Amino acid sequence: MKAIGFKTSLPINESESFIEFETPIPEAKGRDILVKIKAISVNPVDFKIRQNSAKDTILENPKVIGWDATGTVEAIGEGVTFFKPGDEVYYAGDLTRSGSNSEYQLIDERIAGLKPVKLSSAEAAAMPLTALTAWESLYDRIRMNNQKDNGKSILVIGGAGGVGSIAIQLAKKISGLKVITTASRPETKDWCKAMGADVVVDHKNLVEEVRAAGFKEVDFILDFVDLNSYWDDLVELIKPQGHIVSITGSASPIALNKLKNKSVTFSWELMYTRSMYQTDDMEEQHHILNKLASLLDNGTLKTTLNTTLKGFTVENLKEAHRLLESGKTIGKVVIEY
């Protein structure tokens, strides 16, 4: 099969930042399913791993990255119970295994779901990683109660990105929250409003803008951009006994002591935790993806696909990475095979 990978971490404009190569089609065993891929999407994690995982070294075999994908189940391992050959699936993958930038891929059935029937392969490929991240942030970390929390306020930092786009929809349409989100350009503001945001504010004057919109403090905050840059603003804006969730990590220590007087809860969210550590509830991602598929099929949620590149080629993969690295993308970038 054809795959696209890299042997060393290079800037995306270098000729060998991605290389095409042939490799055997893997065999499905245990709880793995073999998927013939139809479309993939690219996320910030893709370019971050490409930039950092093979620095100052040349790998013997190319590293294949990529996580979001849709495709058809070609074969199943002897332990598989959720799927059969011919099923259409979508999934966000596993950081510890070979990625989706290939024609076929093995994936554990516990982290795959049945593809939304009414969405195209490209529309569905845009969803798994970001939707799982947003869902886990709201319902596993904050443990949002749709009846108790209905009408409360949430601030989404980075509303026009892939995760922000689906978090706005879930917070508004599923949990009934008042959604405030950050965006600074006219096109990103319009996108956030189309996703369902009640209020869009400029991140450059966050506290002042949120308060000018009528919110002294907010019940929940989701950080999808840069925790260090906004930390003091988040501390000021979060309500006593509120909850902050971040997916961005931090190069330097976060001053959690600033949350003490307000008894605020802080959580990290990493969508790969369940697969990386083979947690007891790993198959919860299978169930979440199936719930999301139903919500996408009945029109409650809509795909966040915004850019489609046609053809599984080195050139298209480079272009997708260029777009993501620019920091200007809106919604999701998908490559359709």
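As a reminder, the structure under discussion sits directly above these lines.
What you see is a predicted model; the values in this text were computed from it and never measured.

(A) Geometry of the overall build of the protein. Of regular secondary structure, the protein possesses 10 helices and 15 strands. For a compact globule of 337 residues, the expected C-alpha radius of gyration is about 20 Å, and the protein comes in at 20 Å, within 12% of that figure. By principal-axis analysis of the C-alpha atoms, the protein measures approximately 60 × 45 × 35 Å. Of all 337 residues assigned to the protein, the portion counted as buried reaches 56%.

(B) Just the pattern of salt bridges, in detail. Under the criterion given, the structure shown has 23 salt bridges. Here Glu 319 and Arg 322 are joined by a salt bridge, their closest N and O atoms 3.1 Å apart. With Glu 319 and Arg 322 both in helix H10 (residues 314-325) and 3 residues apart, this pair spans about one turn of that helix. Shared partners join several salt bridges into a network, and the residues in it are Glu 136, Asp 140, Arg 141, Glu 269, Arg 274 and Asp 281.

(C) Representation of the sheet that holds strand E8 (residues 153-157) in the model. Strand order in this open sheet of 6 strands is E10-E9-E8-E11-E12-E13, and the pairing throughout is parallel. Since the sheet does not close on itself, it has two edges, and those belong to strand E10 (199-201) and strand E13 (265-268), each with one partner. Across the sheet, the axes of successive neighbouring strands diverge by a mean angle of 15°, strand direction being ignored. Note: strand E11 (residues 218-223) against strand E12 (residues 238-246), 5 bridges, orientation parallel. Paired with Phe 220 across the two strands is His 243, which belongs to E12. Contacting E8, E11, E12 and E13, helix H3 (residues 128-141) crosses the sheet at an angle of about 140° to E12. Along the sheet, helix H4 (residues 162-174) contacts E8, strand E9 (178-182) and E11; its crossing angle with E9, the most-contacted strand, is approximately 165°.

(D) Broad picture of the pairing of strand E6 (residues 104-108). Burial analysis of E6 places 5 of its 5 residues in the buried class, the great majority of the element. Residues Tyr 104, Leu 106 and Asp 108 of E6 are buried on one face, and the alternating residues Gln 105 and Ile 107, pointing to the opposite face, are buried as well. Bridge count between strand E3 (residues 32-42) and E6: 5 bridges; the pairing is antiparallel. Its bridge partner being in E6, Lys 36 is matched across the sheet by Tyr 104.

(E) Layout of a negative patch on the surface. Negative charge collects at one region of the surface, where Glu 20, Glu 22, Glu 103 and Glu 315 lie side by side. With respect to the helices, strands and loops of the structure, Glu 315 is situated in helix H10.

(F) Summary view of the pairing of E11. In terms of burial, E11 is largely enclosed, as 6 of its 6 residues are buried. Regarding topology, helix H7 (residues 227-237) serves as the crossover connection from E11 to the parallel E12, and that connection is right-handed.

(G) Region of interest: the environment of Val 199. Relative to the elements of secondary structure, Val 199 occurs in strand E10. Residues Val 199 and Lys 29, spaced 170 residues apart in sequence, show a C-alpha to C-alpha distance of 49 Å. Setting aside its immediate chain neighbours within four residues, Val 199 contacts Val 179, Ile 180, Thr 181, Ala 213 and Phe 215.

(H) How the structure looks around H3. Taken as a whole, H3 carries its principal kink of about 25° at Trp 135. With respect to burial, H3 is a largely interior element, 13 of its 14 residues being buried. One or two steps after H3, the chain reaches Arg 143, where phi turns positive at roughly 60°.

(I) Highlighting the nonpolar core. By size, the foremost hydrophobic cluster in this structure holds 83 residues, and its most contacted members are Ile 33, Leu 170, Leu 222 and Leu 292. The element that contributes the greatest number of residues to this core is H3, accounting for 7 residues.

(J) Focus on the packing of H3 against helix H9 (residues 284-297). Put simply, H3 and H9 touch, their axes get as near as 10 Å, and they point 105° apart. Here H3 is positioned roughly perpendicular relative to H9, judged by the angle of their axes. In this structure, H3 contributes Pro 128, Ala 131, Leu 132, Trp 135, Glu 136 and Asp 140 to the contact, and H9 contributes Gln 285, Ile 288, Leu 289, Lys 291, Leu 292 and Leu 295. Partitioned by chemical class, the residues of the contact of H3 with H9 number 8 nonpolar, 1 polar and 3 charged.

(K) Structural detail: the side chain of Thr 130. Position of Thr 130 among the secondary structure elements: in helix H3. For Thr 130, a relative accessible area of 2% gives the class buried. Polar contacts involving the side chain of Thr 130 include one to the main-chain carbonyl oxygen of Met 127, which spans 3.2 Å. When near neighbours in sequence (up to four residues on either side) are disregarded, Thr 130 contacts Asn 43, Gly 162, Val 163, Ile 166 and Lys 332.

Calculation notes
- Residues numbered from 1 in each chain as written.
- Predicted model: local features only at pLDDT ≥ 70, side-chain atom pairs only at ≥ 80, totals over all residues.
- Heavy atoms only, no water.
- Helix = DSSP H or I, 4+ residues; strand = E, 2+ residues; numbered from the N terminus.
- Rg over C-alpha atoms; globule rule 2.2 N^0.38 Å.
- Buried < 20%, exposed > 50% of the residue type's maximum accessible area, 1.4 Å probe, protein only.
- Salt bridge = Lys/Arg side-chain N within 4 Å of Asp/Glu carboxyl O.
- Pairing = 2+ DSSP bridges.
- Axes fitted to C-alpha atoms, helices over the stretch in contact; angles between N-to-C directions.
- Contact = heavy atoms within 4.5 Å.
- Patch = residues over 30% accessible without salt bridge, like charges linked within 9 Å, V, L, I, M, F, W, Y side chains within 5 Å.
- Areas by Shrake-Rupley, 256 points an atom, 1.4 Å probe, with all protein chains shown as cover.
- Lys, Arg positive; Asp, Glu negative; His and termini not counted.
- Charge placed at Lys NZ, Arg CZ, Asp CG, Glu CD.
- Right-handed = clockwise from strand over helix to strand, strands pointing away.
- Bend = angle between axes of the 7 residues up to and from the residue.
- Core = buried A, V, L, I, M, F, W, Y, C linked by side-chain atoms within 4.5 Å.
- Parallel < 35°, antiparallel > 145°, perpendicular 65-115°, else oblique.
- Nonpolar A, V, L, I, M, F, W, Y, C, P; charged D, E, K, R; others polar.
- Polar contact = N/O pair within 3.5 Å; in protein donor to acceptor, adjacent residues only side chain to side chain.

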